[in-house]
Amino acid sequence: MAVTACAAALAGCSTSNAADERPLVLTTFTVLADMTRNIGGEHIRVESITKPGAEVHGYEPTPGDLRFATDAALILDNGLGLERWFEQFVTDLDAEHVVVSEGVEPLPIGEGAVTGPYNPHAWMSPLAARVYVDNIAAALSDLAPEHSDDFTSSAEAYKAELDGLYTELVTALDGVPESRRALVTCEGAFSYLARDAGLQEAYLWPVNSDQQGTPQQIARTVDFVRTNEVPAVFCESTVSDKAQRQVAADTGAEFGGVLYVDSLSEPDGPVPTYLDLLRHDIEVITTGLSS
């Protein structure tokens, strides 16, 4: 009902930035918006529906959030079942629509997850993110072909930075003993990053819209941490860390810190850009597992 109401309300909502004639690209969350700004540069405008700090899985769009949508020339979303709330809305818009995870080899997600059979968090892998970058650059080139060379050049530079972060991740974990190479988080949002790093993975719940922090989830995670002698556990910025701190208390593991996944921070926060987000998470994870 909220989506229907938004679509109806948008008939009277136009962008306030009418003087800016650059094409408007609308993304579903802040990570995609930042990637798109880096590739599009000065040639496009970018807006994100969800704002910094917002939880993307069960988000309910409002007319205010979607005030730019009627003027959007291009819409980019993650796909892989992440933005179920957005699917109805897209059908009411005339803008071109591109799923930026297209071409990523998806990983499975735990039973009971409401997003579908695949883990949607592929952007958490520096390697999979290269596919995102190529898809965004291609979509922007179709939108504004006169700037295609610039988009391609920016995309190549951006992928080089992603490659550097991947190398940083692998190098930082080189000295971690095999017995400690396990990543335990609240949400199962790190499967792609764990694969890149050669880490086992465990989590309390598959996605944030599932039941969170049940006794069964805590007990299962406690068993994993004890069995594998995991030195540190982590939780994401958009959910309560209470259940994970209980896991730490019950096992003697350290609470290794806060990770970012679905949203960037405000500009003066710890992860104002997508590359900052990856860099922050890599540092927190490698420090926790190395301690």
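Since the structure is predicted, the reported quantities are computational estimates derived from the model, not experimental observations.

Undergrad: Tell me what's going on with the sheet that holds strand β4 (residues 96-99), and back it up with residues and numbers.
TA: Taken in spatial order, the four strands make up an open sheet running β2-β1-β3-β4, and their pairing is parallel. At either margin of the open sheet sits one strand with a lone partner, and together these are β2 (45-48) and β4. The average undirected angle you get between the axes of adjacent strands in this sheet is 20 degrees. As paired strands, strand β1 (residues 24-27) and β2 are joined by four bridges and run parallel to one another. The partner of T27 across the bridge, within β2, is S48. Here helix α2 (residues 30-40) sits on the sheet in contact with β1, β2 and β3 (74-77), set at roughly 170 degrees to β2. Along the sheet, helix α4 (residues 129-143) makes contact with β1, β3 and β4, crossing β3 at roughly 170 degrees.

Undergrad: Which residues make up the pairing of strand β5 (residues 182-187), and what values do they have?
TA: With six of six residues buried, β5 is to be regarded as a mostly interior element. In terms of strand pairing, β5 meets strand β6 (residues 200-205) through five bridges, oriented parallel. Residue pairing in the sheet places L183 in a bridge with E201 of β6. The parallel pair β5 and β6 is bridged by helix α6 (residues 191-197), and the resulting crossover is right-handed.

Undergrad: Tell me what's going on with the pairing of β3, and back it up with residues and numbers.
TA: Along any regular strand, the residues point their side chains to alternate faces of the sheet. Residues of β3 alternate between two faces, with L74 and L76 on one and I75 and D77 on the opposite face, all of them buried. Where β1 and β3 come together, three bridges link them in parallel fashion. Counterpart to V25 in the pairing with β3 is L74. One ladder, built from four bridges, connects β3 with β4; its direction is parallel. Residue pairing for β4: I75 is matched across the bridge by H97.

Reading guide: rules and limits
Residues numbered from 1 in each chain as written. Predicted model: local features only at pLDDT ≥ 70, side-chain atom pairs only at ≥ 80, totals over all residues. Heavy atoms only, no water. Pairing = 2+ DSSP bridges. Helix = DSSP H or I, 4+ residues; strand = E, 2+ residues; numbered from the N terminus. Axes fitted to C-alpha atoms, helices over the stretch in contact; angles between N-to-C directions. Contact = heavy atoms within 4.5 Å. Buried < 20%, exposed > 50% of the residue type's maximum accessible area, 1.4 Å probe, protein only. Right-handed = clockwise from strand over helix to strand, strands pointing away.

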